[in-house]
Amino acid sequence: MENKKLLTIVISLCLCAAVFAEDPEEFSKWKKVDSSKVAFICRVAITNNLDMDFYAIGFDAVNNRAIGPRYGYVYFEIAPNNVPLLPMRGELGQFSQTILSSSEVRKQFYLQQFVVKLFSQDYLSLLQLPVGKDVSFPPEARYVYLGTFVYTLEGYDLRPTQVKHIDEFDAAQKMLNEKLGTNVQLYRAELVEHKEKPKKK
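Residues numbered from 1 in each chain as written. Predicted model: local features only at pLDDT ≥ 70, side-chain atom pairs only at ≥ 80, totals over all residues. Heavy atoms only, no water.

Undergrad: How would you explain the pattern of salt bridges if you had to name every residue and give the values?
TA: Counting across every chain of the model gives four salt bridges. In this structure, the salt-bridge partner of Glu-168 is Arg-43, at a minimum N-O distance of 2.9 Å. Note that Glu-168 is positioned in the loop between strand S8 (159-166) and helix H4 (169-180) and Arg-43 in strand S1 (residues 37-46), a separation of 125 residues in sequence. Residue classification places Glu-168 among the partly exposed positions, given a relative accessible area of 21%. Looking at Arg-43, the relative accessible area reads 16%, which means it is buried. A salt bridge links Arg-159 to Asp-157; the shortest N-O distance between them is 2.9 Å. Note on Arg-159: relative accessible area 42%, which makes it partly exposed. (Salt bridge = Lys/Arg side-chain N within 4 Å of Asp/Glu carboxyl O. Helix = DSSP H or I, 4+ residues; strand = E, 2+ residues; numbered from the N terminus. Buried < 20%, exposed > 50% of the residue type's maximum accessible area, 1.4 Å probe, protein only.)

Have a look at this one:
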C-alpha cells in the first residue's frame, strides 16, 4: 500500500510539471467542439490574499513573475489502470476551458486534484489541491461544467484545509457563450465521492 501511495505521488508530481508546459497565450483561447470532443469548464479560486512578494522570495522566483498563478488538474481514469493528464490552462480565480477526446474520458473519470503554479517557469511553487471525485456527464454533452472550487489555505507552506464546491452554472454558461460568440448547451457534471473498485481475486 505504501509503495502504491509513493508511486501515485511521484506520478502526480511529474504530471503536474507537464500541465504547465503550455504556451501562455493559449490560456485565454476558448474553442468550439464537435461530437468527438468534450470541453470542460470550471473555476478554481482561493480565499487567501497571498503576499506574492513574500512567496516570490521564498520560492526564489523573483524573476519568474511574467504571468499570474495558473491552475490545471490531474485525473485518474477509472478504467483502465493508467494515469492520463488533463491539462487546464486556467488563470487562478477565473473560468477556464480544456478540450479532450470524448473517447479518452469515456464519459466518466476520477478527478484527483487541482494543481496551482504560483510563478511562471518555477515548478517548486506547485500547490496540490485535493478533489477526490468521480465525474460523469451525459453522453451527448459537448460542453461540461465541473463546478467552482474555492480553497482555504493555511500556513507558510499553503496547506489546503477547506474546500467549497459552488454551483456557478449560469455565470459559466454566460462566459462560455461570450467566449465562443454563440449560444451552446452547457451540461452540469455529476461529482460524487471517489470509491476504489475492489480488486478481482
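Undergrad: I'd like a description of the side chain of Arg-43, backed by residues and values.
TA: Among the polar contacts made by the side chain of Arg-43, one reaches the main-chain carbonyl oxygen of Gly-93 at a distance of 3.0 Å. Among residues more than four places away in sequence, those in contact with Arg-43 are Tyr-71, Gly-93, Gln-94, Phe-95, Gly-147, Thr-148, Phe-149 and Glu-168. (Polar contact = N/O pair within 3.5 Å; in protein donor to acceptor, adjacent residues only side chain to side chain. Contact = heavy atoms within 4.5 Å.)

Undergrad: If you had to explain the nonpolar core to someone new, which residues and values would you point to?
TA: If you look at the biggest cluster of nonpolar residues, it comprises 35 residues, and the most contacted ones within it are Phe-40, Val-44, Phe-114, Leu-118, Val-135, Phe-137 and Tyr-151. Put simply, the parts of the chain that give this core at least two residues each are S1, helix H2 (52-58), strand S2 (70-76), strand S5 (108-117), strand S6 (126-136) and strand S7 (143-154). Val-33, Phe-95, Tyr-143 and Leu-180 belong to the second largest nonpolar core, which has 12 residues in total. (Core = buried A, V, L, I, M, F, W, Y, C linked by side-chain atoms within 4.5 Å.)

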